[in-house]
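Breakdown of the fold
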Amino acid sequence: MEIKGIERDALNFILKVSESTAPLEFAGLLHADNGIITEVIILPGTESSNRSAVMKLFMMPNVKSVGSVHSHPSPNIKPSKADLQMFSKTGSHHIIVGEPFDEDSWRCYDRNGYVQNLPVLESEIKNDDIV
């Protein structure tokens, strides 16, 4: 699936959760609808510390992941060797967030650790969402 971008609401969720869990790392998987990342899947049993977050991939529900997201408890948002190993198992788009957890402190990478452009898109309200 070609990924066109990430909804601003999904990015804001990632930034807020990353900030609120610091100094522990936050980790989740990315879900996309029609090529747009809209949700973060948080797997049961994920273990977090100030050095890593370990997701139990066998707990993945029957939903396709397009990548992963995790935070670093510092401004360093470059992928580590362990990050690259995880990237190879969880899709094509991987977001790392770091301090100060704002719109300028995240980056998207491909499974090889190369920076990818990931546009932030405004959320569209669907008719089905209006009650």
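Our subject is the structure that appears above.
To start, this report covers the structure provided alongside it.

Rules and cut-offs
Residues numbered from 1 in each chain as written. Predicted model: local features only at pLDDT ≥ 70, side-chain atom pairs only at ≥ 80, totals over all residues. Heavy atoms only, no water. Helix = DSSP H or I, 4+ residues; strand = E, 2+ residues; numbered from the N terminus. Buried < 20%, exposed > 50% of the residue type's maximum accessible area, 1.4 Å probe, protein only. Contact = heavy atoms within 4.5 Å. Areas by Shrake-Rupley, 256 points an atom, 1.4 Å probe, with all protein chains shown as cover. Pairing = 2+ DSSP bridges. Axes fitted to C-alpha atoms, helices over the stretch in contact; angles between N-to-C directions. Right-handed = clockwise from strand over helix to strand, strands pointing away. Phe/Tyr/Trp six-rings, centres within 6.5 Å; stacked < 30°, edge-to-face > 60°. Expected span 1.5 Å × (residues − 1). Salt bridge = Lys/Arg side-chain N within 4 Å of Asp/Glu carboxyl O.

1. Quick look at the overall build of the protein
When its secondary structure is counted, the protein shows two helices and ten strands. Across the protein, helices and strands are ordered from the amino to the carboxyl terminus as β-α-β-β-β-β-β-α-β-β-β-β. Burial statistics for the protein: of 131 residues in total, 40% are counted as buried. A fraction of 62% describes how many contacts in the protein between residues 6 or more apart in sequence connect residues 24 or more apart. With an accessible surface of roughly 7700 Å², the protein has 51% of that area assigned to carbon and sulfur atoms.

2. So, the sheet that holds strand S3 (residues 36–41)
The eight strands lie next to each other as S9-S8-S7-S6-S2-S3-S1-S10, forming an open sheet whose pairing is mixed. Two strands close off the open sheet at either side, each with one partner strand: strand S9 (115–116) and strand S10 (120–121). One ladder, built from four bridges, connects strand S2 (residues 27–33) with strand S6 (residues 67–71); its direction is antiparallel. Within S6, the residue paired with Gly28 across the bridge is Val69. In the packing of helix H1 (residues 8–21) onto the sheet, contacts are made with strand S1 (5–7), S2, S3, S6, strand S7 (93–97), strand S8 (106–109) and S10, and the angle to S1 comes to roughly 75 degrees.

3. Here we look at the pairing of S7
Most of S7 is tucked away, with five of its five residues classed as buried. Judged by which residues are buried, S7 turns out to be covered on both faces: His93, Ile95 and Val97 on one side and His94 and Ile96 on the other are all buried. Pairing between S6 and S7: five bridges, direction parallel. Residue pairing in the sheet places Val69 in a bridge with Ile95 of S7. A crossover connection joins S6 to the parallel S7 through helix H2 (residues 81–87); in handedness this β-α-β unit is right-handed.

4. Let's talk about the packing of aromatic side chains
In this structure the tally under the stated criterion is one aromatic pair. Their ring planes at 20 degrees and their centres at 6.5 Å tell us that Phe87 and Tyr109 sit as a pair that is stacked. Residue Phe87 is found in helix H2, and its partner Tyr109 is found in strand S8; the two are separated by 22 residues along the sequence.

5. A closer look at H1
Owing to its 3.6 residues per turn, the α-helix brings residues three or four apart onto one side. The end-to-end C-alpha separation of H1 is 20 Å, in line with the 20 Å expected for 14 residues at 1.5 Å each. Of the residues making up H1, those classed as buried are Ala10, Leu11, Ile14, Leu15, Val17 and Ser18.

6. Looking at the pattern of salt bridges
Following the criterion strictly, the structure yields two salt bridges and no others. Across the pair Glu103 and Arg8 runs a salt bridge, and its minimum N-O distance is 2.9 Å. Placement of the pair is Glu103 in the loop between S7 and S8 and Arg8 in helix H1, with a sequence separation of 95 residues. Assessed through its relative accessible area of 23%, Arg8 is described here as partly exposed. For Arg8, the salt bridge is made with Glu122, and the minimal N-O distance between the two is 2.7 Å. Highlighted residues: Arg8 in helix H1 and Glu122 in the segment after S10, separated in sequence by 114 residues. Judged by relative accessible area, Glu122 falls into the exposed class, the value being 54%. Beyond isolated ion pairs, a larger network of salt bridges with shared partners links Arg8, Glu103 and Glu122.

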